[in-house]
Structures are given as C-alpha cells and as structure tokens.
Amino acid sequence: MLPGQAGRFRIDRSARLVEAVERGSVDVAVYVTDAAATEGTPVGGLSLTWHAVPGWVPPAAPAPVPLVAIEEPCAIRRRAIATFARHGVAATVVGDAGYLAGVLDIARPGADPATTEAAFGAVRELLRQG
C-alpha cells in the first residue's frame, strides 16, 4: 500500500485468491500453494491437526474413517485424505462445506463442547500466527 491508501482484507478460498491476483483485483494473497498453478513466495508451513469428539473410536478396518472437510477443490482436504492413505487408513468424506464455518457446523452436532472449543481455538491460533 502507498501512504494514505486504505488497506482491505479478504478471506476466501485459495483458488479464488489466486484468481484475484491474476486479474489484478488484489495486490497480495496468502494461500496454500498446492491450490494454485501460480508460483508464490513461501512464507511458512501449515500443519494439520486432527480433532474428534472425546471417546471417539475409529471404525474397525476396512470401514473408512468418516471426515468432514471443505469442498473440492481444496488442497488441505486432499492432503488429509492422502495422509490417511499413506498410513493405510481408508477415509471417506461424509460432509463438506464451502468454508471452515460450515465444516465446523457439520461437525458440531453431537460434539462435545470441549471439542468445538478446541477447533475454534486452533483456528484462532492459526489466524494469530498469520
């Protein structure tokens, strides 16, 4: 930004942010590089943390682990499924949404309040680090 100009922030899916950069409608975007063909400058890593309700027991193999994730295209969703596959664990997406808030809403029914708070805390911490 130039002195005297106001800044504006937008939170969106990585693919949409990359498109906005390519169109020139935004000057800077922070996104998951797996989500775009456009090269960027690496600024840090993003670790995955798995959350489940207390007492949850994975289904016995060969039944897949049920996942709730952001809808495709989503680099983090693909990374999560690939991580399970590398460990020989079948996984299936049983619910998805366009944004994190929807994913949390899907996962929330029947969830222990401590698990919900842990998910919100993880997102808050991620945003503080950014």
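Our structure is the block above this text.
Residues numbered from 1 in each chain as written. Predicted model: local features only at pLDDT ≥ 70, side-chain atom pairs only at ≥ 80, totals over all residues. Heavy atoms only, no water.

Colleague: I'd like a description of the overall build of the protein, backed by residues and values.
Modeller: Along its length, the protein carries 4 helices and 2 strands. Taken across its 130 residues, the protein has 20% of its residues classed as buried. The contacts of the protein with a sequence gap of at least 6 include a subset with a gap of at least 24, amounting to 59%. (Helix = DSSP H or I, 4+ residues; strand = E, 2+ residues; numbered from the N terminus. Buried < 20%, exposed > 50% of the residue type's maximum accessible area, 1.4 Å probe, protein only. Contact = heavy atoms within 4.5 Å.)

Colleague: Lay out a nonpolar patch on the surface in plain terms, naming residues and giving numbers.
Modeller: A cluster of nonpolar side chains, contributed by Leu-46, Ile-76 and Leu-126, occupies part of the molecular surface with about 210 Å² of accessible area. Looking at the element boundaries, Ile-76 is found in helix 2 (residues 75–86). Its relative accessible area of 32% is what places Ile-76 among the partly exposed residues. (Patch = residues over 30% accessible without salt bridge, like charges linked within 9 Å, V, L, I, M, F, W, Y side chains within 5 Å. Areas by Shrake-Rupley, 256 points an atom, 1.4 Å probe, with all protein chains shown as cover. Salt bridge = Lys/Arg side-chain N within 4 Å of Asp/Glu carboxyl O.)

Colleague: Break down the pattern of salt bridges for me, with residues and values.
Modeller: Applying the stated criterion across every chain yields a total of 3 salt bridges. When the shortest N-O distance is used, the salt bridge between Glu-72 and Arg-78 registers 2.9 Å. The exposure class of Arg-78 is partly exposed, given its relative accessible area of 38%. A salt bridge links Asp-96 to Arg-77; its shortest N-O distance comes to 3.0 Å. Within this pair, whereas Asp-96 is found in strand 2 (residues 91–97), its partner Arg-77 is found in helix 2, the two being separated by 19 residues in sequence. The class of Asp-96 is partly exposed, set by a relative accessible area of 37%. Owing to a relative accessible area of 13%, Arg-77 belongs among the buried residues under this scheme.

Colleague: Tell me about helix 2, and please be specific about residues and values.
Modeller: With 12 residues, helix 2 extends 16 Å between its outermost C-alpha atoms, agreeing within 8% with the 16 Å of an ideal straight helix rising 1.5 Å per residue. When helix 2 is considered as a whole, its buried residues turn out to be Ala-75, Arg-77, Ala-80, Thr-83 and Phe-84. Lining the buried residues of helix 2 we find strand 1 (65–70) and strand 2. (Expected span 1.5 Å × (residues − 1).)

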